[in-house]
Each structure stands twice: as structure tokens, then as C-alpha cells.
Amino acid sequence: KSKALLKLQEEIESSIVSYPRSMPIAIKRAKGSIIEDVDGNYFIDFFGGAGVLNVGHGNEYVLKYVKEQQSDLIHVLDFPTENKLNLIEKIIGHLPEEIQKDYKVSFGGPTGSDAVEAAIKLAKIKTGRDGVIAFTGGYHGMTSGALAVTSDTFFRNHITSLMPNVHFVPYNYPYRDKSTTKENKNNISGIEYFKNILNNGHSGIIKPAAILIEPIQGEGGNIVPEDGYLEELVRIAHENDVLVIFDEIQCGFFRTGSFLEFMNTKAIPDIITFSKGFGGIGFPISGLIYKKEIEAWGASAHIGTFRGNQVSIAAARGAFDFIDEYNIGDYTKYIGIYLMDNLKQLQLDNPFIGEVRGRGMMIGIEFVKNKSTKEPFPEFVKKLRTECFQRGLLFEVGGHYNNVLRLVPPLITTKKIVDNAIVIMKKAIAVCQE
Ligand code: PMP
């Protein structure tokens, strides 16, 4: 049945389709961390709908909120509803207490890209400046503004009319950067270059409106920067009167155990973008959390028909309440460590696993041809994905060199499912090494 549907898809849907090319199944239903295809095969979902299904597929708790809401009201533009204002209060209420009063929320269109567009626009309007500093390996979306700050040239090829005045600086990449001494903050990899760009009148770069960074890079390979890096970036940006946008679309909403990743650091951004996991079980929603002091929108300055879909908002409220009631933040930290420890065991006697890294349930496994030269091994990862898929485990591949196996499973994944995934991975790695 899967084969027939894939064939039909190829005939009648755009050739832009991507995921079914590496994971060729037609999906029938899903629950928790498990997907069932139309032929009755089960798959462990460590792909999580591209890091969306934090509370698990078909979460009953969230569905209850959704069902109640959909019979009352679905589409209402940006009129106030108790449902929406309650969600804003929840978002603000989950920020660190001492900064709650400083922030407000704005809903964007339905996708992460919409939120990124809005964040860039707000920074430009507020500062009256035009440029943005973005980071190598960063992914922010496919609309023109969001694509302009996304570094992968695969996506940018032949698109010559992107937003101008974007400058990319190297992301702090502990596994690959020539290292740094922790005692001297100025030595944090990438910081000197960044500082030079902002402080040096001869950098050739006109002062930007903002810097835009993922606190943990997702598509770039689940890279956690060194301690102190984000803090230094924020300090230098603020010293130069440049706004700081943290893109928390993938690493936010409890993916790393905390509500937002910046809360695991001492870095305080001016604008935070959110989407993906906020929609509970895959309802489209996105927006900004930003400092009141940078408010620069006039009424109607940035609009959109599908801002504030009431069902998506109800799903987000349900996801918050589920996470709070079952303490999913702490569970994420616990199960993330369990998964990471198991993967590190695999690394011990494997010549190709260069690094296992991550925070919470955002874990990257970087494959290299040789642990000393660290030459990327994308062919191995590609084969491994196929071998895992055939044995019932789904995940995404990413990274600066397409050599990172990216795990972003539902946060509610049980130990038993982790154990099964590890068994599959072990077998698949053995086959790839034959
Ligand atoms: N920012 C980040 C960090 C992302 O991971 C993504 C999606 N992978 C986006 C923005 C874009 O979101 P969307 O695909 O919903 O436009």
C-alpha cells in the first residue's frame, strides 16, 4: 500500500517532496513516539515531525483542549479571546520570574519562517538599521527574509534577490573549532571575529539591526555552543546597541528540558522566535516573545490572516498544562541523559562516531572517517539512516557537512522505546560497517 501511495504522490505532487525520499512510507496513524504505516508496520519516531511532537503524537490531554475549542471558535484574526490571552499569560509565566514583566508576545503567521520574518522586521523598525548578522550552519526558514539568514547554499542557489546586508559569522562549534582556553573568555571560538566586525571601523560591515542565532543549532547538527559563548555575543551586541534575536523554534518548548534554551544560560535575548513544539501535537502556530522596551510596531504594521488560530492556541495551552502537570521538563532531562549515555556506549567501540552531543532530547551524533582528522563521513550516515529505517527507526540527518544523525524525539519517549531504538541502531551500524 505504501508503494502505491508513494507512486501516486510522485505522479501528482510536486517533485519538491523531500522526507519520503529517505523514509519511503505512507503514514496511517501515530501515537506517542510510534508511527504506523498504511501496511501495519510500526516505526520509532526519533524524527518527531522535524522536532515538533514534543508531547507526542495524538496526546490525549492536548486533544481534549482542541476538541473543546473547535466547537466554540476557530478563526478570529487578532481579536482578543480568553483562550489567547490565557496562552500569552502561560508563555510569560514560564519565563524566569525576574524578567516576566519585561516581555510581551506577538503571534505570527502559522510557520517558523513567519516568526523569523517578523523578528527581523521588528529589529529593523526599532533600530532604523538594515543589516543582520547570522551564523554559519544556521537554519531559519525558506521565505525570502528567513532564507537570507540561512547559510546553506544548497537552498540559496540561483536565488539572487534575497534580503541584502546579511553577514555570516562562524557559529561556535566545540567539536571542530580549534580550541580555546576556558579561563580566557576572549578566546571563546568565534567571539574575536564577531567582536571585530562590530567594533572595528574597518570591518566593511555597517552596524546591523540585529544578530540572529539559534542557541543550539538544529538543522546545523544539534550543536551546543561552549559555555559563555551566548553570553559574550549578547554582551558585545548590546555594547554596540545591536539587538539580539534567539531563534528558539527548534530548541525551545522544553526540548532541552527548560521552557526555552536561553534559560539554561545567562544570556538574555531581546527577541525570541517560537513555533514547532508550541503547537502541541502539530498545530501550526508561531510568534515572538520580545522586550516591551523595543516595541516598535504601530497598529497593523505587521499583519496576517492566520495569526492567532484558536485551535492551535488551545493546543499550545494543552501542551503547557500537560508538561506542567506531568513535569515533562525534568523527565526530558532524565530521558535525554539516558539516551545520551546509551549512545556514548555505542561510541566507545566505534571508529566512526566522532562526537555524541546535545541537551535534553536534542541529540546529535557526528560521524567521521577518522577520529583524529575528523573528516566528515556523510555517506555512512546516509546508509545508516536507510538501515535504521528498514528496521523501524526514523530520524533526520543534518549538520554543516551532512554527517550528523539528528535525534529530536517526542519528550515523552519511554526508556523501553529508547532501549529498542538503541538495539536497532547497533544492528544497523554493524551492517554499515561490514
Ligand atoms: N528556525 C529554526 C531553528 C528551524 O529549525 C526551522 C525549521 N526547521 C525554522 C526556523 C523554520 O520553520 P518553518 O519550517 O516552520 O518555516
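Here the structure is a predicted model, which means the values were calculated and not measured.

A.B. asks: Can you help me understand the overall build of the protein in this one?
C.D. replies: Scanning the protein for helices and strands turns up 14 helices and 15 strands. Relative to its length of 434 residues, the protein is compact, with a C-alpha radius of gyration of 21 Å against a globular reference of 22 Å. Going through the 434 residues of the protein one by one, you find that 48% of them count as buried.

A.B. asks: Please explain helix H13 (residues 378-391) as it appears in this structure.
C.D. replies: Note that an α-helix has 3.6 residues per turn; residues three or four places apart therefore point the same way. In this model, H13 (14 residues) spans 20 Å end to end at C-alpha, consistent with the 20 Å of a helix rising 1.5 Å per residue. Each element contacted by the buried residues of H13 is listed here: helix H2 (19-22), strand E12 (362-367), strand E13 (393-394), strand E14 (396-398), strand E15 (404-407) and helix H14 (415-433). Two residues or fewer past H13, Gly 392 is found with a positive phi of approximately 100 degrees.

A.B. asks: Is there a simple way to think about unusual backbone geometry in this case?
C.D. replies: As a rule of thumb, non-glycine residues mostly have phi less than zero, and peptide bonds are mostly trans rather than cis. Not every positive phi belongs to a glycine, and Asn 327 is a case in point at roughly 55 degrees. Its place among the elements puts Asn 327 in the loop between helix H11 (310-326) and helix H12 (328-348). Judged by local crowding, Asn 327 falls into the exposed class, with 10 C-beta atoms found within 10 Å. A positive phi angle is found at Asn 402, which is not glycine, with a value near 50 degrees. With respect to the element layout, Asn 402 can be found in the loop between E14 and E15. Exposure remark for Asn 402: the 17 C-beta atoms within 10 Å place this residue in the partly exposed category.

A.B. asks: Would you mind going over the packing of helix H4 (residues 60-72) against H11 with me for this structure?
C.D. replies: How two helices pack is summed up by the angle between their axes together with the distance between the axes. Two elements in contact, H4 and H11, have axes whose closest approach is 8 Å; the angle formed by their N-to-C orientations is 150 degrees. Overall, the two elements H4 and H11 adopt an arrangement that is roughly antiparallel. The way H4 lies across H11 gives a crossing that is right-handed. Along its contact with H4, which presents Tyr 61, Val 62, Lys 64, Tyr 65, Val 66, Gln 69 and Gln 70, the element H11 presents Gln 310, Val 311, Ala 314, Ala 315, Arg 317, Gly 318, Ala 319 and Phe 322. Of the residues belonging to the contact of H4 with H11, the class tally is 9 nonpolar, 4 polar and 2 charged.

A.B. asks: Please clarify how the site of the ligand should be interpreted in this entry.
C.D. replies: Near the ligand, the surroundings consist of 15 residues, among which Thr 111, Gly 112, Ser 113, Gly 141 and Gln 250 are the closest. When residues in the shell around the ligand are grouped by element, the largest group, 3 residues, is from helix H6 (residues 112-127). Its residues assigned to classes, the shell around the ligand comprises 4 nonpolar, 8 polar and 3 charged.

A.B. asks: What's the story with the sheet that holds E12 in this structure? I'm lost.
C.D. replies: Each strand in a sheet pairs with another by means of backbone hydrogen bonds, the pair being arranged parallel or else antiparallel. Judged by pairing direction, the sheet is antiparallel, and its 4 strands sit side by side in the order E11-E12-E15-E14 without closing on themselves. Of all the strands in the sheet, the pair left with one neighbour each is strand E11 (353-359) and E14. Neighbouring strand axes in the sheet, compared pairwise and without regard to direction, differ in orientation by 25 degrees on average. Note that E12 and E15 share 4 bridges and pair antiparallel.

Criteria and thresholds
- Residues numbered from 1 in each chain as written.
- Predicted model: local features only at pLDDT ≥ 70, side-chain atom pairs only at ≥ 80, totals over all residues.
- Helix = DSSP H or I, 4+ residues; strand = E, 2+ residues; numbered from the N terminus.
- Rg over C-alpha atoms; globule rule 2.2 N^0.38 Å.
- Buried ≥ 20, exposed ≤ 12 C-beta atoms within 10 Å, placed from the backbone.
- Expected span 1.5 Å × (residues − 1).
- Contact = placed C-beta atoms within 7 Å.
- Axes fitted to C-alpha atoms, helices over the stretch in contact; angles between N-to-C directions.
- Parallel < 35°, antiparallel > 145°, perpendicular 65-115°, else oblique.
- Left-handed = near helix turned anticlockwise from the far one by under 90°.
- Nonpolar A, V, L, I, M, F, W, Y, C, P; charged D, E, K, R; others polar.
- Near = placed C-beta within 6 Å.
- Pairing = 2+ DSSP bridges.

These figures capture arrangement, not role.
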